[in-house]
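# Descriptive analysis of the structure
What follows is each chain in one-letter form.
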Amino acid sequence: MSSSTAEYSMTTRTGGGAVQREPRFFLAPFSARTWRETLHLVLDLPVGIASFTYVITMLALGAGTLVTFIGLPVLAAAVGGARGVGAMERARARALLKADIAAPQPLRPSRPGLMAWIGAVLKNGTNWRSALYSVLMLPVGIFNFVVAVVLWSVSISAALYPAYHWVFPKYVGWSGLKLWENNGHAHYLSTLPEITGTCVAGIVLLLVTAQIVRGLANVRRAMAQSLLR
């Protein structure tokens, strides 16, 4: 059996028709695909903060100034900017999630002039779906960032605990990693069974984390494909 066959167990088809190979369960934490998807989930937070802040600020400003001549241009800038976010997100999904999402048709105002362009921007459904996507990115980004960072950090640190356990007695003055402390009584992971158990639990969590990342990435593909086409 070749190494590529041994590493991957099945294939999946993304929304754009591209085929991705699923890494085998026990190799998933070491798969390039898993870490691409992890990077996408981590980047969801800064992208979500920026896109949410821009779109909500501009929509609120535009709605609040509709009685003046600047209201409609500001609203157009809000959803037009969201369209730009959508283009960036399609590129990010293509690079990290291997999801090829078709770009929308270019805007075609019915006649020349600023007002015709503003009307075309505001009447375009893709722009408003991109605005919705931009708003949803903040809660989605917070959730994905926290889950990915916490699970990977805990699982890797637990799996490697036997390799750095010696640091605590030598440099911290503890017999091992402090697990809890209550009323002056503390428990440390210091015995051989505890060290071994921590390592095994970390390895199991690594395998589970890779599958959770895979599931969250699939949700993100579906979100991008449904709102950014």
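What you are looking at is a predicted structure, and each value in this text was computed from that prediction instead of being measured. (Residues numbered from 1 in each chain as written. Predicted model: local features only at pLDDT ≥ 70, side-chain atom pairs only at ≥ 80, totals over all residues. Heavy atoms only, no water.)

Quick look at helix α3 (residues 71-97) now. Taking 1.5 Å of rise per residue, 27 residues should cover 39 Å, and α3 covers 37 Å from first to last C-alpha, within 8% of that figure. Downstream of α3 by one or two residues, lysine 98 has phi in the positive range, about 55°. (Helix = DSSP H or I, 4+ residues; strand = E, 2+ residues; numbered from the N terminus. Expected span 1.5 Å × (residues − 1).)

A few words now on unusual backbone geometry. Although it is not a glycine, lysine 98 sits at a positive phi angle of roughly 55°. Residue classification places lysine 98 among the partly exposed positions, given a relative accessible area of 34%. (Buried < 20%, exposed > 50% of the residue type's maximum accessible area, 1.4 Å probe, protein only.)

A few words on helix α5 (residues 125-159). Taking 1.5 Å per residue, 35 residues should reach 51 Å; α5 reaches 48 Å between its end C-alpha atoms and fits that length. Approximately 35° is the largest bend angle found in α5, and it occurs at methionine 137, with the proline proline 139 only one to four residues beyond. The opening residue of α5 is asparagine 124, an N-cap whose side-chain oxygen sits 3.0 Å from the backbone nitrogen of threonine 126. (Bend = angle between axes of the 7 residues up to and from the residue. Polar contact = N/O pair within 3.5 Å; in protein donor to acceptor, adjacent residues only side chain to side chain.)

The subject of this paragraph is the packing of aromatic side chains. Per the stated rule, a full pass over the model turns up seven aromatic pairs. Centre to centre, the rings of tyrosine 161 and phenylalanine 168 are 6.3 Å apart; their planes meet at 50°, and the pair counts as tilted. Of the two residues, tyrosine 161 and phenylalanine 168, neither departs from the other in class, the shared state being buried. Pairwise contacts between aromatic rings join Tyr161, Tyr164, Phe168, Trp174 and Tyr188 into one cluster. (Phe/Tyr/Trp six-rings, centres within 6.5 Å; stacked < 30°, edge-to-face > 60°.)

This part is about the nonpolar core. Among the nonpolar cores identified, the biggest contains twelve residues, and these are Val47, Ala93, Leu97, Ala99, Ile101, Tyr133, Met137, Ala217, Met223, Ala224, Leu227 and Leu228. Counting residues per element, the ones that place at least two in this core are α3, α5 and α8 (192-227). By residue number, the principal contributor to this core is α8, which donates four residues. Core analysis: the second largest hydrophobic core is formed by eleven residues, Ala28, Leu151, Ala210 and Val213 among them. (Core = buried A, V, L, I, M, F, W, Y, C linked by side-chain atoms within 4.5 Å.)

Looking at the protein as a whole, the pLDDT averages 86, with 89% of positions reaching at least 70. Counting contacts from residues 1-11, a segment whose pLDDT is below 50, to residues more than four positions away or on other chains yields 25 contacts. (pLDDT = per-residue confidence, 0-100. Contact = heavy atoms within 4.5 Å.)

Together, Leu66, Leu72, Leu114, Met115 and Trp117 give the surface a local cluster of nonpolar side chains, amounting to about 510 Å² of exposed area. Counting residues per element, the nonpolar patch draws most heavily on helix α4 (residues 114-123), at three residues. (Patch = residues over 30% accessible without salt bridge, like charges linked within 9 Å, V, L, I, M, F, W, Y side chains within 5 Å. Areas by Shrake-Rupley, 256 points an atom, 1.4 Å probe, with all protein chains shown as cover. Salt bridge = Lys/Arg side-chain N within 4 Å of Asp/Glu carboxyl O.)

What follows deals with the pairing of strand β3 (residues 177-182). Along any regular strand the residues' side chains alternate between the sheet's two faces. Both β3 and strand β4 (residues 185-189) contribute to a ladder of five bridges, which runs antiparallel. Paired with tryptophan 180 across the bridge in β4 is histidine 187. Between the end of β3 and the start of β4, which pair antiparallel, lie two residues, with asparagine 183 showing a positive phi angle near 55°. (Pairing = 2+ DSSP bridges.)

Within this structure, the stated rule accounts for nine salt bridges. Between arginine 33 and glutamate 37 there is a salt bridge whose closest N-O contact spans 2.9 Å. Taken as a pair, arginine 33 and glutamate 37 lie in helix α2 (residues 32-64) at a separation of four residues, close to a single helical turn. No difference in accessibility class separates arginine 33 from glutamate 37, as the two residues are buried. Close ionic contact of glutamate 89 with arginine 220 constitutes a salt bridge, the shortest N to O distance being 3.3 Å. With glutamate 89 in helix α3 and arginine 220 in helix α8, this residue pair connects regions lying 131 residues apart in the sequence. The same class applies to glutamate 89 as to arginine 220, namely buried. What you see here is one network of salt bridges that share partners, running through Arg33, Glu37, Arg214 and Arg221.

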